[in-house]
Structures are given as C-alpha cells and as structure tokens.
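Residue-level structural notes
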Amino acid sequence: MKQLALLSLIVSCLMLSSPVSAETKGELTAEQKYEKRMELYQKAEALTSIPWHYLAAVDTFERGLRRTLKNRPREEGVISIFYTEEEWAGPLNPDPADTNPLSIQLFGGVGLDGDGDGLAERTNDEDVLYTLAHFLERYGFAEQDFRIALWEKYQREQSVNIIDGHSKVYKHFETLDLDDHAFPMPIRSTYSYRNTWGDKRGWGGRRIHEGTDIFAGYNVPIRATAYGRVEILGWNKYGGWRIGIRDLDNIYHYFAHLSGFEKGVEVGSIVSPGDVIGYCGSSGYGKPGTQGKFPPHLHYGMYRDNGYTEWSFDPYPYLKAWERQDYRKLKRG
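By convention here, each chain's residues receive numbers from 1 onward along its written sequence. For this predicted model, a pLDDT threshold of at least 70 governs which residues receive local features, and a threshold of 80 or more governs which side-chain atom pairs are given and counted, while totals over whole chains, interfaces and linings are taken from all residues. Only hydrogens and water are removed before side-chain values are computed, so all heavy atoms of the structure are retained for them.

Going along the chain from the N terminus, every DSSP run of H or I of four or more residues is numbered as a helix, and every run of E of two or more is numbered as a strand. The helix and strand inventory of the chain stands at nine helices and twelve strands. Considering the chain as a whole, with its 333 residues, one finds that 46% of them fall into the buried category. Only the protein chains shown count as cover for residues, and the accessible areas themselves come from Shrake-Rupley with a 1.4 Å probe. When the accessible surface of the chain is split by element, carbon and sulfur atoms take 53% of a total near 17400 Å². Exposure is judged per residue with a 1.4 Å probe applied to protein chains only, and the accessible area is read against the type maximum: over 50% gives exposed, under 20% gives buried, and values in between give partly exposed.

Structure, rendered in structure tokens:
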C-alpha cells in the first residue's frame with residue numbers, strides 16, 4: 001500500500017511540474033496547425049485522389065471568409081470549410097443537427113463520415129474535409145475539373161479564380177507555411193510616406209484615395225509584400241503601369257504608377273515576399289505611356305474579398321508593421 005501511495009504521489013508531482021503544451025490546452029501553435037492541416041489534407045487525398053493543394057486552397061479561401069462574414073462562426077478545429085445545417089443534414093431533414101450518414105443522405109444532405117466513427121459531424125475536421133473532397137471527386141482531378149466544381153459550389157467567377165490561384169501557390173511552394181510579409185521597397189532605399197488612405201482625389205471624377213503613397217526616386221525596386229499570384233499586370237488610366245497580386249488571405253495587393261515591370265513577371269507569376277516585381281515611377285492619369293504628371297511614387301492599396309464583393313481598406317498599419325519587421329531583419333544581419 002505504501003509503495004502504491006508513493007507511486008501515486010510521484011505521478012501527481014510529475015503532472016504538476018510538467019510544462020503544459022499549447023496542444024494540451026487546446027491551443028495549437030501556427031506550426032502545429034500547419035502540420036495538422038497537412039496531415040488531414042494528405043489523408044483526404046489518399047482516400048479520394050484529390051490533390052492536397054486543391055483542398056488547402058478551398059480551406060484557405062473559406063478561412064478568409066470566416067474572418068469577414070458575420071454570419072459565419074469561427075472554426076472549432078483547424079479546418080475552416082463551412083456548411084450550413086441545411087446543406088449538411090438536408091433541406092427537408094427534420095433534425096438539422098443530424099449526424100447519421102444514412103438519414104442525411106436520405107434527406108439530400110451532403111454530410112459524410114470521414115473518420116470512420118459512424119457519424120457525419122458538421123464540426124468534425126475529417127468529416128468536413130472528406131465531404132469536400134468527395135464533392136470535388138465527382139467532377140474529376142484535372143485543373144479544369146477543379147474549376148468547374150468550384151463554380152458549382154460558389155457560383156462566382158472571382159471566387160473560382162481566387163481559389164485556383166491559392167492552389168497554384170501551394171503547389172509551387174509545397175508547404176502551408178506562407179505567412180511572411182515584406183515592405184514594398186528595400187529598407188535601405190530612400191523613401192517617405194504618411195497615411196493618405198481616404199484622401200480626396202479629383203482626376204477622372206471625385207473619389208477617395210484607396211491606398212498609401214510611398215514617395216521615392218525613379219526606378220527604386222518595388223517588391224511583393226506577400227506570397228501570392230499575379231492577377232493583373234499592365235496599364236490602367238488611373239494607376240499607369242500597375243500590378244495586382246492576390247495573397248493567401250484573399251487580399252489583393254495593388255502596386256501602381258510604376259516605371260516598368262521586372263523581367264519575367266507576368267500574369268500568373270507566383271511571388272514571394274521581397275521579390276522585385278517592378279520599379280517606382282510616375283505613370284498614369286492618361287493614355288498608355290503617360291508619365292510625369294506627379295512626382296515618382298508607389299501607390300499601394302489593399303482590397304479584401306469576402307466571397308461576394310471586394311473593398312479597399314487602409315494599408316498604412318500593415319506597411320508600418322512590415323517596415324519594422326524588415327528593419328529588425330536588417331539589424332540581425
């Protein structure tokens with residue numbers, strides 16, 4: 001009895017003295033989340049042959065929607081794909097919280113059992129991911145099949161394009177850890193800026209300034225601020241030579257008034273934070289090639305997509321944060 005009591009005391013002491021990991025408390029680190037998601041994507045790929053980067057792209061898009069749509073709750077696990085109760089259990093199902101795969105199917109619901117426990121739970125990561133993979137599987141495995149399936153799910157071309165772009169980014173880098181950012185100009189260069197978002201603009205009609213102007217000399221390198229894919233490149237009568245890049249948070253980064261583009265950068269190019277994409281200039285406010293109607297500067301804007309529409313928001317706080325981050329990196333050598 002004394003030995004049993006002593007053993008119990010030792011175990012209790014070890015439990016009290018052992019550090020509690022983030023996972024033990026139900027809080028995963030960013031690295032743990034990436035690992036868990038990848039594990040789930042690859043398991044679903046093994047079951048359905050749907051490429052993991054297709055699943056990651058849809059999940060990432062929906063994670064962005066959960067951050068912006070008030071009618072969507074935050075995810076309980078690491079997967080953000082969302083189904084309404086009606087979609088999951090079936091529009092005629094008298095039990096909107098039904099988890100029986102057979103009755104869900106009977107009432108026209110989409111919910112499936114992905115982890116083999118006999119339940120189809122709308123908040124279970126494996127069940128949700130398998131349900132999505134099974135849906136995609138019905139259309140095929142080629143890129144065009146993926147786009148057709150996305151259209152059937154979202155009924156919006158912009159959403160299809162964003163998710164398809166996310167997929168290409170993940171396939172290119174072969175990792176989920178793509179959250180880094182960079183200031184749009186080299187920290188060692190000479191530049192100046194203040195918060196100009198919302199200021200009045202008159203050329204081409206009364207409008208507000210949807211960005212921050214960063215003033216610098218001609219041909220100072222302009223850099224990608226995030227991992228993403230080039231959506232637009234070319235001339236715009238307001239922005240002159242401009243580039244638009246979509247990141248993995250469904251945010252569109254707009255770089256305008258360039259003097260030119262970096263060689264090899266084109267629509268569809270995949271970029272990393274700090275990649276040179278063009279050069280500072282004074283193009284715009286006229287027909288293609290118009291230059292010099294204002295001092296050279298970069299107009300930098302950010303636009304968020306919520307699955308229905310897109311709107312601009314103030315990029316200044318992000319620019320200050322990325323600037324500080326790049327200064328710290330420079331000091332560390």
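Right, picking up where we left off after that structure.
Tracing the chain through its elements places Asp125 in helix α6 (residues 125–137). Among buried charged residues, Asp125 stands out as having no salt bridge; its nearest opposite-charge side chain is Lys36, 6.7 Å away. Residue contacts are defined here by distance: any two heavy atoms, one from each residue, within 4.5 Å place the two residues in contact. Aside from chain neighbours lying at most four places away, what touches Asp125 is Leu40, Gly77, Val78 and Ile79. His residues and chain termini do not enter the charge count, which takes Lys and Arg as positive and Asp and Glu as negative. What makes a salt bridge here is a side-chain nitrogen of Lys or Arg within 4 Å of a carboxyl oxygen of Asp or Glu, nothing more.

Going through the model one piece at a time under the given rule, you end up with 17 salt bridges. With its nearest N and O atoms 2.8 Å apart, the salt bridge here joins Lys168 to Asp164. Remark: Asp164 and Lys168 occur in helix α8 (residues 157–173); sequence separation between them is four residues, near one turn of the helix. Between Lys320 and Glu323 there is a salt bridge; the shortest N-O distance is 3.4 Å. Of this pair, Lys320 and Glu323 both sit in helix α9 (residues 316–332), three residues apart, which is roughly one turn of that helix. One network of salt bridges, with partners in common, ties together Glu143, Arg147, Glu157, Asp164 and Lys168.

Glancing now at α6. Residue count minus one, scaled by 1.5 Å, sets the expected span of a helix. Along its 13 residues, α6 runs 18 Å from first to last C-alpha, staying within 8% of the 18 Å computed at 1.5 Å per residue. All buried positions along α6 are accounted for by Asp125, Asp127, Val128, Leu129, Thr131, Leu132, Ala133, Phe135 and Leu136. Capping of α6 at its N-terminal end is provided by Asn124; its side-chain oxygen lies 2.9 Å from the backbone amide nitrogen of Glu126. Definition of a polar contact: a pair of N or O atoms within 3.5 Å, with one able to donate and the other able to accept a hydrogen when the atoms are protein atoms, and with sequence-neighbouring residues admitted only if both atoms are side-chain atoms.

Overall, the prediction assigns the chain a mean pLDDT of 90, with 89% of residues at 70 or greater. By definition, pLDDT measures how confident the predictor is in each residue, and it falls between 0 and 100. This stretch, residues 1–25, has a pLDDT under 50; its non-local contacts, to residues over four places away or in other chains, come to seven contacts.

Working definition: a ring pair exists when centres of Phe, Tyr or Trp rings (six-membered ring for Trp) sit within 6.5 Å. Plane angles under 30 degrees give stacked, over 60 give edge-to-face, the rest tilted. Taken as a whole and judged by the stated rule, the model has 19 aromatic pairs. Plain terms: the ring middles of Tyr83 and Trp88 are 5.5 Å apart, the flat faces sit at 55 degrees to each other, and that makes the pair tilted. One exposure class covers both Tyr83 and Trp88, and it is buried. Among the aromatic residues, ring-to-ring pairing joins Phe255, Tyr300, Phe313, Tyr318 and Trp322 into one connected group.

What follows deals with a positive patch on the surface. Positive charge collects at one region of the surface, where Arg324, Arg328, Lys329 and Arg332 lie side by side. Within the secondary structure layout, Arg324 lies in helix α9. Relative accessible area serves as the criterion here: at 47%, Arg324 is assigned to the partly exposed category. Residues forming no salt bridge and having over 30% relative accessible area are the ones grouped into patches, like charges within 9 Å of each other and nonpolar side chains (Val, Leu, Ile, Met, Phe, Trp, Tyr) within 5 Å. By convention, charge coordinates are those of NZ in Lys, CZ in Arg, CG in Asp, or CD in Glu.

On to the packing of α6 against helix α7 (residues 143–154). To get an axis, a line is fitted to the C-alpha atoms, and for a helix only the part in contact is used. The angle between two axes follows their N-to-C directions and goes from 0 to 180 degrees. Running from amino to carboxyl end, α6 crosses α7 at an angle of 115 degrees, the nearest separation of the two axes being 9 Å. Here α6 contributes Leu132, Phe135 and Leu136 to the contact with α7, which in turn contributes Phe146, Ala149, Glu152 and Lys153. When residue character is reported, Ala, Val, Leu, Ile, Met, Phe, Trp, Tyr, Cys and Pro are called nonpolar, Asp, Glu, Lys and Arg charged, and the others, Gly included, polar. A class-by-class count of the residues in the contact of α6 with α7 yields five nonpolar, no polar and two charged.

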